[in-house]
Amino acid sequence: MKIGDIEVLAVADGVGTEVAAEILTRPGVDDPWACHAHHLAADGTLALPLGGFLVRGGTRTVLVDAGVGPFDDGRYCGGALVDSLAAHGVTPGEVTDVVFTHLHFDHVGWASVEGRPVFPRATYRAHRADWQHFVTGAGATPEAVAKLTPVEGQLELFDADFTLAPGVDALHLPGHTPGTTAYVLSSGGRRALLLGDVAHSVVQFGERDWEVIWDVDPAAASAVRNRIADEAADTGDLLVAAHFPGMRFGRVLAGDGGRRFVAV
Ligand SMILES: [Zn+2]
């Protein structure tokens, strides 16, 4: 995918499997997936692709999120990310920046492996609010501590929106997690947003009031998701997230029937 002069490529790592009705719910509705069963496997499970996105422009080679890592617990299975980078012609040593949309385990898996940073020359960047929540604070998770403590020597935390590289901007969208940050690519009059887990399923663009069990602040997450979807319907901006089917970009179309996501 080209956004003007910026190239952005999906970097697959693996797949997670969840019972859809257990993770994405609509308050007061018993079976909200009944109208969306075509998104699910026959057993009611939802496949969640895992991985990140490679952004190349100018002198920078940026990895946005680092997948689940070499890991398999029977539900989440990763391990392909470095090979996927190689298929795009990129070695770990060529990555200049690793940025995280948030610090859940399925986005930081290749930050380090066995206590060593996977990307030796990269500057790692994360929002301070997520670092304080998932690494040093009350919400600290063993996975985040194990994966991220080894990269502290290459780490820059940020507190405010910033421009990472020409046409690559960080946009704080708290809700799913306190530090959730989208990356906005702008070039040649086009824009694309790398959303992280602002949305887990494209169904959420049509259904305004679904909740995801992992949202730290469900009300804020829902408000952010709907604002971004409404804005994207107006602007035609491309949207993508790692957990979308095939990690494919798409647009939000709005009409009499409501909003819907259409892959491109
Ligand atoms: Zn995720």
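Quick note: structure is the one above.
Please read these numbers as outputs of a predicted model, since none were measured by experiment. (Residues numbered from 1 in each chain as written. Predicted model: local features only at pLDDT ≥ 70, side-chain atom pairs only at ≥ 80, totals over all residues. Heavy atoms only, no water.)

*Asks:* For this particular structure, what's the right way to read the side chain of T45?
*Replies:* Position of T45 relative to the elements: it lies in strand β4 (residues 45-57). For T45, a relative accessible area of 15% gives the class buried. There is a polar contact of 2.6 Å between the side chain of T45 and the side chain of D43. Other than its neighbours up to four places away in sequence, T45 contacts T17, E18, V19, A20 and L40. (Helix = DSSP H or I, 4+ residues; strand = E, 2+ residues; numbered from the N terminus. Buried < 20%, exposed > 50% of the residue type's maximum accessible area, 1.4 Å probe, protein only. Polar contact = N/O pair within 3.5 Å; in protein donor to acceptor, adjacent residues only side chain to side chain. Contact = heavy atoms within 4.5 Å.)

*Asks:* Looking at this structure, how should I read the pattern of salt bridges?
*Replies:* Side chains that carry opposite charge are capable of pairing whenever their charged atoms lie near each other. A full pass over the atoms with the stated rule returns 12 salt bridges. Where D209 meets R26, a salt bridge forms, and the shortest distance between an N and an O atom there is 3.3 Å. Of the two residues, D209 is situated in the loop between β15 (190-194) and β16 (211-212) and R26 in the loop between β3 (24-25) and β4; the sequence distance between them amounts to 183 residues. Note that D215 and R225 form a salt bridge whose closest N and O atoms lie 3.9 Å from each other. You can see D215 sitting in the loop between β16 and α5 (218-235) and its partner R225 sitting in helix α5, a full 10 residues away along the chain. Like R225, D215 is buried. (Salt bridge = Lys/Arg side-chain N within 4 Å of Asp/Glu carboxyl O.)

*Asks:* What should I look at first to understand the environment of V168 in this one?
*Replies:* Topologically, V168 is positioned in strand β13 (residues 168-172). Once residues lying within four places of it in the same chain are set aside, the contact partners of V168 are I6, V55, F162, T163, Y183, V184 and L185.

*Asks:* Please clarify how the coordination of the zinc ion should be interpreted in this entry.
*Replies:* When a metal holds four donors in a tetrahedron, each ideal angle between them is 109.5 degrees; when it holds six in an octahedron, the ideal angles are 90 or 180 degrees. Surrounding the zinc ion are the protein donor atoms D106 (OD), H107 (NE2), D197 (OD) and H243 (NE2), at 2.1 to 2.2 Å. Coordination at the zinc ion is irregular, judged from the four donor atoms that bind it and the angles of 86 to 163° they form at the metal. For the zinc ion, the single-chain donor residues occur in sequence as D-H-x89-D-x45-H. Of the two residues, H107 is situated in the loop between β7 (97-99) and β8 (112-113) and H243 in the loop between β17 (238-240) and β18 (250-255); the sequence distance between them amounts to 136 residues. Overall, H243 belongs to the buried group, its relative accessible area being 3%. (Donors = N, O, S within 2.8 Å, 3.2 Å for Na, K, Ca; no water. Tetrahedral: all angles 85-135°; square planar, octahedral: opposite > 155°, others 65-115°.)

*Asks:* Help me out: how do you make sense of the side chain of T181 in this one?
*Replies:* Here T181 lies in strand β14 (residues 181-187). Exposure remark for T181: the relative accessible area of 0% places this residue in the buried category. Among the polar contacts listed, one links the side chain of T181 to the backbone oxygen of G179, at a separation of 2.8 Å. Dropping the residues within four chain positions of it, T181 is found in contact with T101, H127, F158, A170, L171, H172 and L173.

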